[in-house]
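# Architecture and fold: a report
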Amino acid sequence: MKHLLLSMMCCCALLAGAQQVNVVSTRSLGAAIGEPAYYPVLDASGSRLLFAAGERYGLKLYDFGTGKVTPVSEERCAGIDARFDHSGNVYYVTQSLNENNLIYRSGYCYHVASAESELVLEPQHGAMNYAVGTQGVAMRGPRKNYASARNIGTAVDVEGSELLITVNGKLNRYSPVPSHAGYLWPSLSPDGTKVAFCAAGSGIIVTDLKGNVLARLGNYEMPCWYNNDYVVAQNATDDGHQFTSSQLLLLKADGSWRHELTEPYSMAMQPTTATGKIVYTTIDGQLCVMEISIND
């Protein structure tokens, strides 16, 4: 009897401490976008959205307030890794092939106010990485680099199996967990104190700004911070050739809890979040907007 009572008390304590998550609404942006869209990225205010479209994955911008879609660049792969900076302008990288079929990458800044793109880093053969900081942007190429400010503030990026964390303009390199295949998808928490990234073979890792591991969230992909305490991620499976399922998960940043936001058969992927808004796409390029409520 005593053991039964203890078990009931433990269950009640767990239920009392459990988070309650409700999907308040989900709507499609298909009619507004008008074409398959991938790699969505929200700005900090959640009022504008970048996405890749077309056979060349060109870059476009959607304004939630006006419903207008603005082409930013039709250059190859411009929409795959585009990002807003702290002021609301857009940075992106394009790819081109030379006569020897070598890939050259160029860095651009799109000024939203003037609707014009500026070349900030000339074409270079090799990988081009960049970090969007709280005060500026840094782009690193194999031969030349670019920085929009001497001190870009706090920023995070990855290079191979290294986590690159910039604090007050000073760049530090860390390797919190082993990963021969490298790190992917780094993001900074809204309060600028924590980093989430994916380490191949280890899943999503959360660290502090000194590279110390705070939590391991599971073997998921594409983490983005919903707020300072929760991360939205993609949970996908494949058969070696194509995706067989994909869903969105809400993860507690301390690794203690997870909740399914969509079913595996939804084929939801590539989440981006801002100010309580979650935008994602599906395997066939249907952009959707989700809003949730969390009762701790």
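These numbers were taken from a predicted model, which means no experiment stands behind them.

## Quick look at the overall build of the protein
- In terms of helices and strands, the protein carries 2 helices and 26 strands.
- The C-alpha atoms of the protein give a radius of gyration of 20 Å, which matches the 19 Å a tight globule of 296 residues would have.
- In terms of overall dimensions, the protein has a C-alpha envelope of 80 × 45 × 40 Å along the principal axes.
- Counting only residues that meet the buried cut, the protein has 46% of its 296 residues in that class.
- Put simply, of all contacts in the protein between residues at least 6 apart along the chain, 36% involve residues at least 24 apart.
- Per element, the accessible surface of the protein, about 14800 Å² overall, is 51% carbon and sulfur.

## Some words on the sheet that holds strand β1 (residues 20-28)
- The sheet built from 4 strands is open, its strands ordered β1-β26-β25-β24 with antiparallel pairing. Among the strands making up the open sheet, the edge pair consists of β1 and β24 (268-274). Neighbour-to-neighbour, the strand axes of this sheet turn through a mean angle of 25°, independent of strand direction.
- Here β1 runs beside strand β26 (residues 288-295); their pairing, made up of 8 bridges, is antiparallel. Note that in β26 the partner of Q20 across the bridge is N295.

## Details of a negative patch on the surface
- Where like charges cluster on the molecular surface, the negative patch consists of D191, D229, D254 and D296.
- You can see D254 is positioned in the loop between β22 (243-252) and β23 (258-260).
- We classify D254 as partly exposed; its relative accessible area is 47%.

## Topic: the side chain of S179
- By the element assignment, S179 lies in the loop between β15 (170-174) and β16 (183-188).
- Judged by relative accessible area, which is 6%, S179 ranks as buried.
- At 3.0 Å, the side chain of S179 forms a polar contact with the backbone oxygen of G182.

## Description of the pairing of strand β13 (residues 155-159)
- The buried fraction of β13 is high, at 4 of 5 residues.
- From the end of β13 to the start of strand β14 (residues 162-167), which pair antiparallel, there are 2 residues, and G160 there has a positive phi angle of about 65°.

## Here's the deal with unusual backbone geometry
- Positioned with a positive phi, C77 is a non-glycine residue whose angle comes to about 65°.
- Tracing the backbone shows C77 in the loop between β5 (69-73) and β6 (83-84).
- Owing to a relative accessible area of 14%, C77 belongs among the buried residues under this scheme.
- Here N101, not a glycine, exhibits a phi torsion of approximately 60°, which is positive.
- In this fold, N101 is placed in the loop between β7 (90-97) and β8 (103-111).

Parameters at a glance
Residues numbered from 1 in each chain as written. Predicted model: local features only at pLDDT ≥ 70, side-chain atom pairs only at ≥ 80, totals over all residues. Heavy atoms only, no water. Helix = DSSP H or I, 4+ residues; strand = E, 2+ residues; numbered from the N terminus. Rg over C-alpha atoms; globule rule 2.2 N^0.38 Å. Buried < 20%, exposed > 50% of the residue type's maximum accessible area, 1.4 Å probe, protein only. Contact = heavy atoms within 4.5 Å. Areas by Shrake-Rupley, 256 points an atom, 1.4 Å probe, with all protein chains shown as cover. Pairing = 2+ DSSP bridges. Axes fitted to C-alpha atoms, helices over the stretch in contact; angles between N-to-C directions. Patch = residues over 30% accessible without salt bridge, like charges linked within 9 Å, V, L, I, M, F, W, Y side chains within 5 Å. Salt bridge = Lys/Arg side-chain N within 4 Å of Asp/Glu carboxyl O. Lys, Arg positive; Asp, Glu negative; His and termini not counted. Charge placed at Lys NZ, Arg CZ, Asp CG, Glu CD. Polar contact = N/O pair within 3.5 Å; in protein donor to acceptor, adjacent residues only side chain to side chain.

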